[in-house]
Amino acid sequence: MYNYQVHQTVDKILRKQQINTSGNNNAFYVRMVSNTPALYQLYQQLYWHHPSAEKNFETLLKIIITSYKQRNEGLRQADETKLQQGYWYLSNKLAGMSLYVDRFAGKLKNMPEKLDYLQHLGINLLHLMPLFESPVNESDGGYAVSNFRKVDKRFGSLEDLQALRQHMHTRGMYLMLDIVLNHTSHHHPWALKAKAGDTTYQDYYYMYPDRQVPDQFEMGMPEIFPESAPGNFTYIPQIDKWVMTAFHNYQWDLNFTNPSVFNAMLENILFYANLGVDVLRIDAPAFIWKKPGTTCQNLPEAHTLLRMIKLCVQIVAPGMALLGEAIVAPDEIIKYFGTGHFTARECDFAYNATHMALQWDMLATGDTRIMLAAQHPLMQKPFGTSWITYTRCHDDIGLGYNDETIAQAGYNPYEHRRFMKDFYSGTYPGSTAKGALFAVNPKTQDARISGTLASLCGLEDALNKQDVQAIDVAIQRMLLMQAHSFFMGGMPMLFYGDEAAYTNDYSYLQDDGKSYDNRWMHRPQINWQKNALTTNPHTPEGKVFAGTRQLLHLRSLLAVVADYSNLTWFTPHNIHVAGYVRAWEKEQLFCVFNFSSQPAWLTWYAFKEKGLLAPKLYNHWNQQTYTVGSDREYLILQPYEFMLLQPVE
Ligand code: GLC
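These remarks concern the structure in this document. Keep in mind that what you see is a predicted model, and the values were worked out from it rather than measured. Think of each chain on its own: its residues are numbered from 1, step by step along the sequence as written. The model is predicted, so local features are restricted to residues of pLDDT at least 70 and side-chain atom pairs to those at 80 or more, both for listing and for counting; the totals for chains, interfaces and linings are taken over all residues. To get the side-chain values, all heavy atoms of the structure are used, and hydrogens and water are removed first.

Core analysis: the biggest nonpolar cluster contains 215 residues, and I64, L126, L128, F256 and F487 have the highest contact counts within it. Tallying contributions element by element places helix 2 (residues 26-47) first for this core, with 11 residues. The residues contacting I64, other than those within four sequence positions of it, are F28, M32, L39, L266, L270, C312, I315 and V316. We call a set of buried residues a nonpolar core when its members are Ala, Val, Leu, Ile, Met, Phe, Trp, Tyr or Cys and they connect through side-chain atoms within 4.5 Å of each other. A 1.4 Å probe rolled over the protein chains alone gives each residue an accessible area, and that area as a share of the maximum for its type sets the label: buried under 20%, exposed over 50%, partly exposed in between. One finds F570, F607, L612 and M643 within the second-largest nonpolar core, a separate group that totals 19 residues. In DSSP terms, a helix is any run of H or I states spanning at least four residues, a strand is any run of E spanning at least two, and both are numbered starting from the N terminus. The contact definition used throughout considers only heavy atoms, calling two residues in contact when any of these lie within 4.5 Å.

The structure is reproduced here in structure tokens:
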């Protein structure tokens, strides 16, 4: 809504900074003037009572303008191009991979020579896991940042990162980096000053002189790492105070109720935008606002902060998309796309963490009913936003779908979760999975699952036993999982090593900085001799690589799989088969996946009731054409087989 006072303030600051309505700055001027009233409104919701709110708001406007001035011409032009494309990030031509630079290539400098390999696979977006300075043995894989602007020397320098970004953009590739918003390392200068007694910086964190407030918080806050970091507060002896540490005790939670913290972190966000980041992954946004008496997750104020970030980014760097890493319950995840007036105006992407876990559920049970029962909230995703679809990432697999969903599908929630934990940790009779339980909470029996795609799908077990047939089954299971996630809508995000069938790496147990965290078992050290086997079609590496590559290639050719929120689920005529239709304009793609170890029969009526009129279906995966039968006839899918079927005359 237009606000005269805000307009005048903005105008005054813009004039001072010599930005007017003419020439190149026009688009920026318009974005600034039209977005600031909404920004002010949101800002007031959070900070109206704060003594320095007005002063900080002016500082915020100055940060926006300065950051825009620092944005180079090339990036400004790229913004324009992306805006002209409209929703550039929904494209079926995007496919990403997350990787640790040091474990993948050693240094940033070595990355350019690996890009051929990645592009050959079909990857054109790289999520480089945290690169900024982080203490070696207290780093949480880089998510404990001690300097948001300095690349850690183990990766190289900021110049190396900039050079890589340019190189990637020249090749038409996109860059994704993290902003670790919720906390800093206890070695960050703000934390060091706070430890030295500087109260200005103590106010950057949730810090208390005794246990009174911490105890109130603890009543509502769950534990994230109950084994390695129990509790949510850490005692700091130097100053005799308690600081909130929801994750590890070396990660201090930033206090966003202080507007100076918001300004400082926004400056970092815009610094990353000006490095040329295309997608910014906002780490742990569910946690960024805390209030005693709540779980301190998914609070409405956290959404207000994200909306403010979105508006500021839209003004300065409209080509940068935002990904909210909210790994929370399905009804909550969906809110990160924005609600009400802010629908599709908060995060552009969110991880489809629910569906990721549900795929693992289907693979364990061979039953699609829990997955289907959970779809309702996920289908509410607004047009113009997209999922990150994935099977594995650097984190554990949380079984974060609702108990009611499990019950609706006819299972006992407690028993079912126990089955899942036993199945993937390999203790369930007949299970070939080789994973491990992560973050076991003895009080609640909650646990998550670690392990690579290959090991969880049975490849490690099959290789150990040298069972040729089981190796092929495991590979088929891996490709089934990838195919299901690549085609359902959203940008696929592969995890490095999965394309080359890496099984668990147990060497983390020998490293003091990692042994307390079994997520390291699925964060491999790349051995390029092993990766060279990806060119040999007779090896597991070669089979998995070729299959993954073919899937990505097909995806890039089929415009119907771009994420236009155009997915409909099949009616479960056969509970073992998950099926969805992607439809856009005149195109249709029927995707069916048999999650069972037995052949599955699917009535042709399943296709017809979803709008199939054509007499034949062409399977892009195996290049076969099938004649559509009568309603009493069946399409037969072999164990773990999937089909990507396009109607043909
Ligand atoms: C995110 C990261 C995870 C990290 C946590 C704390 O969830 O993905 O790896 O441990 O944030 O920063």
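With that settled, consider helix 18 (residues 413-424). Compared with an ideal rise of 1.5 Å per residue, which puts 12 residues at 16 Å, helix 18 spans 17 Å between its outermost C-alpha atoms and is within 8% of the ideal. Listing the buried residues of helix 18 in full gives H416, R417, F419, M420, K421, F423 and Y424. We define a polar contact as two N or O atoms separated by no more than 3.5 Å, with the added condition that, inside protein, one atom must be a possible hydrogen donor and the other a possible acceptor, whereas residues neighbouring each other in sequence contribute only through side-chain atom pairs. At the N-terminal end of helix 18, a side-chain oxygen is found 2.9 Å from the backbone nitrogen of Y414, two or three residues along, and the residue is N412. Positive backbone phi, approximately 85 degrees, marks G426, located one or two places after helix 18. An expected span of 1.5 Å times one less than the residue number is assigned to each helix.

As a further point, take the sheet that holds strand 1 (residues 96-99). Two strands make a pair as long as DSSP finds a minimum of two bridges between them. Read around the closed barrel, 8 strands run 1-2-5-11-12-13-14-17, paired in parallel fashion. The average angle at which neighbouring strand axes cross in this sheet is 25 degrees, direction not considered. Here strand 5 (residues 174-180) runs beside strand 11 (residues 279-283); their pairing, made up of 5 bridges, is parallel. Note on strand 11: the bridge partner recorded for I179 is I282. Only C-alpha atoms enter the line fits that serve as axes; for helices the fit covers just the stretch in contact. Angles between N-to-C directions range over 0 to 180 degrees.

With 13 residues, helix 1 (residues 4-16) should cover 18 Å at 1.5 Å per step; its first-to-last C-alpha distance of 18 Å lies within 8% of that length. Here helix 1 has its buried residues at V6, V10, D11, I13 and L14. End-on, the buried residues of helix 1 take up no more than an arc of 170 degrees, which puts them together on one face. Opposite the buried face of helix 1, at more than 90 degrees from it, the exposed residues are Q5, R15 and K16. This arc is built from the directions going out from the helix axis to the C-beta atoms.

Taken together, the residues surrounding the ligand are D140, Y143, H183, F225, F247, Q251, R281, D283, E325, H394, D395 and R519. Within the side chain of H394, an N or O atom sits 2.8 Å from an oxygen atom of the ligand. Contact between the ligand and D395: an oxygen atom at 2.5 Å from a side-chain N or O atom of the residue. Of the residues belonging to the shell around the ligand, the class tally is 3 nonpolar, 3 polar and 6 charged. When we say a residue is near a molecule or strand, we mean one of its heavy atoms is within 4 Å of it. In this classification, Asp, Glu, Lys and Arg are treated as charged, Ala, Val, Leu, Ile, Met, Phe, Trp, Tyr, Cys and Pro as nonpolar, and every other residue, Gly included, as polar.

This part covers the side chain of N182. Assignment of secondary structure puts N182 in the loop between strand 5 and strand 6 (183-185). A polar contact is formed between the side chain of N182 and the side chain of D253, at a distance of 3.1 Å. A distance of 2.7 Å separates a polar atom in the side chain of N182 from a polar atom in the side chain of K290. When residues no more than four places from it in sequence are discounted, the contact partners of N182 are F247, W252, D253, L254, D283, A284, F287, I288 and K290.

With 7 of 7 residues buried, strand 5 lies mostly within the body of the structure. Residue alternation in strand 5 divides its side chains into two sets, Y174, M176, D178 and V180 and L175, L177 and I179, and both sets are buried. Alignment of strand 2 (residues 125-128) against strand 5, held across 3 bridges, turns out to be parallel. By the bridge assignment, H127 is partnered in strand 5 with M176.

Paired through their backbone hydrogen bonds, the strands of a sheet run either parallel or antiparallel. With antiparallel pairing, 3 strands are arranged side by side in an open sheet as 7-9-8. Every interior strand has two partners, whereas the edge strands, strand 7 (207-208) and strand 8 (233-236), have only one.

With that settled, the discussion passes to the environment of P292. Within the secondary structure, P292 sits in the loop between strand 11 and helix 12 (300-316). Assessed through its relative accessible area of 39%, P292 is described here as partly exposed. Considering only alpha carbons, one finds P292 and M97, 195 residues apart in sequence, at a separation of 38 Å.

Aromatic pairing here means that ring centres of Phe, Tyr or Trp (its six-membered ring) are within 6.5 Å. Orientation follows from the plane angle: under 30 degrees is stacked, over 60 is edge-to-face, and everything else is tilted. Following the criterion strictly, the structure yields 47 aromatic pairs and no others. Aromatic side chains W190 and Y204 sit 5.0 Å apart centroid to centroid with 65 degrees between the ring planes, which places their arrangement in the edge-to-face category. Placement of W190 in helix 8 (residues 189-195) and of Y204 in the loop between helix 9 (199-202) and strand 7 is noted, with a sequence separation of 14 residues between them. For the pair shown, W190 and Y204 are each scored as buried. Ring-pair connections join several aromatic residues into one group, and the members of that group are Y87, W88, Y89, Y174, F349, F383, Y564 and W584. When the NZ atom of lysine or the CZ atom of arginine is within 6 Å of a ring's centre and also within 35 degrees of its normal, the charge is said to sit over that ring. Just above the ring of Y68 sits the side chain of R76; from NZ or CZ to the centre is 3.9 Å. Its end group placed over the ring of W520, R523 keeps NZ or CZ at 4.6 Å from the ring centre.

Now for the environment of F225. Position of F225 among the secondary structure elements: in the loop between helix 10 (212-220) and strand 8. According to the relative accessible area criterion, F225 is buried, its value standing at 5%. Sequence separation between F225 and A246 is 21 residues; the distance between their C-alpha atoms is 8.5 Å.

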